[in-house]
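Listed below are the residues making up each chain.
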Amino acid sequence: MTRVSVQQSDFDPGAELAALTDGRTDIGAAVSFVGLVRDIHGGDTVSALTLDHYPGMTERELEKIADEAGNRWKLDGIRIVHRFGRMAPGERIVLVIALSAHRRDAFEACDFVMDFLKTRAPFWKREETQNGEKWVSAKASDDADANRWNS
């Protein structure tokens, strides 16, 4: 199974987890995160979110993030699935699964990957709101979350 998928289609978190863990008895922890499209952002009602990316470059950057997590924590597997294209509120955007013998490594690796997906993954977000379309800017809080891993 590949570690990273960038795809337009939806994904099944349970099937992804099963593909990583079925038949394995060496895993003590499987931590997952699923990100969803919200229907409100910055006080605006969001009717859709569109994610654009550069094929090839995006996958390489996600692989680098997965490599960094594997270098920092003892992982027995990692899976990142990130969607692109137009999505409605409630749809799944991203899945991160980190596997380890112990929960702390899996929790921290999953948290780390999400922080760096928010700040380093080359995706561009455009929201459709009641006030028209607008690009979503990077947030200082996302940078602060990623910067905590530098210490």
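Please refer to the structure placed before this passage.
Just so it is clear, the structure is predicted and the values come from calculations on it, not from any experiment.

A. View of the packing of helix H3 (residues 103-120) against helix H4 (residues 140-147). Running from amino to carboxyl end, H3 crosses H4 at an angle of 135 degrees, the nearest separation of the two axes being 9 Å. When the axis of H3 is compared with that of H4, the two are oblique. In the packing of H3 onto H4, the handedness of the crossing is left-handed. Facing Asp115, Phe116, Lys118 and Thr119 of H3, the residues of H4 in contact are Asp142, Asp143, Asp145 and Ala146. A class-by-class count of the residues in the contact of H3 with H4 yields 2 nonpolar, 1 polar and 5 charged.

B. Expanded view of the nonpolar core. Counting residues in hydrophobic clusters, the biggest one holds 31 residues, and the most contacted among them are Leu62, Val113 and Leu117. Only strand E1 (4-7), strand E2 (29-36), strand E4 (44-53), helix H2 (57-72), strand E5 (77-83), strand E7 (92-100) and H3 provide two or more residues apiece to this core. Broken down by element, this core gets its largest block of residues, 8 residues, from H3. Among all residues touching Val113, those that are not within four sequence positions of it are Ile65, Ala69, Ile78, Ile80 and Val96. Counting 7 residues, the second-largest nonpolar core is a separate cluster that includes Val81, Leu95, Ile97 and Leu99.

C. Just the pairing of E4, in detail. Among the 10 residues of E4, 7 are classified as buried, and the element is accordingly described as predominantly covered. In this sheet, E4 lies alongside strand E3 (residues 40-41) in antiparallel orientation, the contact comprising 2 bridges. By the bridge assignment, Ile40 is partnered in E4 with Thr45. Where E3 hands over to E4, the hairpin turn is made up of 2 residues, of which Gly42 adopts a positive phi near 60 degrees. Two elements, E4 and strand E8 (residues 123-129), share 7 bridges in a ladder whose sense is antiparallel. Residue pairing in the sheet places Thr50 in a bridge with Arg126 of E8. Note that E4 and strand E6 (residues 85-87) share 3 bridges and pair antiparallel. Paired with Thr50 across the strands is Arg86, a residue of E6.

D. Structural context of the side chain of Thr50. The residue Thr50 is located in strand E4 in this model. Judged by relative accessible area, Thr50 falls into the buried class, the value being 9%.

Definitions and cut-offs
Residues numbered from 1 in each chain as written. Predicted model: local features only at pLDDT ≥ 70, side-chain atom pairs only at ≥ 80, totals over all residues. Heavy atoms only, no water. Axes fitted to C-alpha atoms, helices over the stretch in contact; angles between N-to-C directions. Helix = DSSP H or I, 4+ residues; strand = E, 2+ residues; numbered from the N terminus. Parallel < 35°, antiparallel > 145°, perpendicular 65-115°, else oblique. Left-handed = near helix turned anticlockwise from the far one by under 90°. Contact = heavy atoms within 4.5 Å. Nonpolar A, V, L, I, M, F, W, Y, C, P; charged D, E, K, R; others polar. Core = buried A, V, L, I, M, F, W, Y, C linked by side-chain atoms within 4.5 Å. Buried < 20%, exposed > 50% of the residue type's maximum accessible area, 1.4 Å probe, protein only. Pairing = 2+ DSSP bridges.

So far we have only geometry, and geometry alone does not tell us how the molecule works.
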